[in-house]
Amino acid sequence: MKSLTYCKELPGLPGYGESLRHYSATGQGMHRDGYVVEFNPSQGQSWVGNFQPGGGNLSDLEEFTANQTTLVVAKGQGYLVDIQSGTLIALYESDINFLLKSAATELVIAGTATDFSAYTGIGKVWTTRRISWDGFRNLVVNGGELVGESWCFDDSWLPFKVDLSNGIVTGGAYYE
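From a predicted model like this one, the values you see are computed outputs, not experimental measurements.

### Describing the sheet that holds strand β11 (residues 116-120)
Consideration 1: Reading across the sheet, the four strands line up as β9-β10-β11-β12 and stay open at both edges, with antiparallel pairing between neighbours. Each having just a single partner strand, β9 (98-102) and β12 (123-127) make up the two edges of the open sheet. Neighbour to neighbour, the strand axes of the sheet diverge by 30 degrees on average, direction disregarded.
Consideration 2: Looking at chain direction, strand β10 (residues 107-111) and β11 are connected through four bridges and run antiparallel. When the bridges of β11 are listed, Val-108 appears paired with Tyr-119.

So this is what it looks like as structure tokens:
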């Protein structure tokens, strides 16, 4: 179970006690167990969020302590939530496969099977063009760049770089 400064994963919905809030990208499934997260703001009462899943496999958390917000990914569905108020700030992609954090740029990079988006505690900063036909490997955040290889339909892997300051891509397997 992942535990951060202001939030932690829970194995399921609590039976009683905590203030419970439901989040759904579609308005459906609001009373089913989703990805359950307990929030402990620096001021005020703790509360529990029940985040309905997207269509992927990844469930994860990344905090932005300066803004007191958390990026919650529930089976691929992205939610940006204010830790203090519980307000849903933004909904993001429903097919997020992985998260990478860049200490140098204070960005969280979310990847799908074809592209990347960068987030801060106040929202999405950029989304790359499509880079891959269907997948990535050997990803590394190196200073101000994300480097790796993207899959091509001929079963080859082609190198690419993403400038983390603006999302501009060099290389890759998919060309528009």
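### Quick look at the environment of Asp-155
Consideration 1: Inspection of the secondary structure puts Asp-155 in the loop between β14 (145-151) and β15 (157-163).
Consideration 2: When the C-alpha positions of Asp-155 and Trp-133 are compared, they lie 9.8 Å apart, and in sequence the two are 22 residues distant.
Consideration 3: Of note is the side chain of Asp-155, whose polar atom sits 2.8 Å from the side chain of Trp-151.

### Points about the packing of aromatic side chains
Consideration 1: In the structure shown here, the tally under the stated rule is 13 aromatic pairs.
Consideration 2: For the ring pair Phe-39 and Trp-47, a centre distance of 4.2 Å and an interplane angle of 10 degrees mean the geometry is stacked.
Consideration 3: Judged by relative accessible area, Phe-39 falls into the buried class, the value being 0%.
Consideration 4: The class of Trp-47 is buried, set by a relative accessible area of 1%.
Consideration 5: Considering the side-chain rings of Trp-133 and Phe-153, the 5.1 Å spacing of their centres and the 80 degrees angle between planes classify their relative orientation as edge-to-face. Of this pair, Trp-133 sits in the loop between β12 and β13 (136-142) while Phe-153 sits in the loop between β14 and β15, and the two are 20 residues apart along the sequence.
Consideration 6: A relative accessible area of 34% places Trp-133 in the partly exposed class.
Consideration 7: Grouping aromatic residues by their ring pairs yields a cluster made of Tyr-23, Phe-39, Trp-47, Phe-51 and Tyr-79.

Reading the values: rules and limits
- Residues numbered from 1 in each chain as written.
- Predicted model: local features only at pLDDT ≥ 70, side-chain atom pairs only at ≥ 80, totals over all residues.
- Heavy atoms only, no water.
- Pairing = 2+ DSSP bridges.
- Helix = DSSP H or I, 4+ residues; strand = E, 2+ residues; numbered from the N terminus.
- Axes fitted to C-alpha atoms, helices over the stretch in contact; angles between N-to-C directions.
- Polar contact = N/O pair within 3.5 Å; in protein donor to acceptor, adjacent residues only side chain to side chain.
- Phe/Tyr/Trp six-rings, centres within 6.5 Å; stacked < 30°, edge-to-face > 60°.
- Buried < 20%, exposed > 50% of the residue type's maximum accessible area, 1.4 Å probe, protein only.

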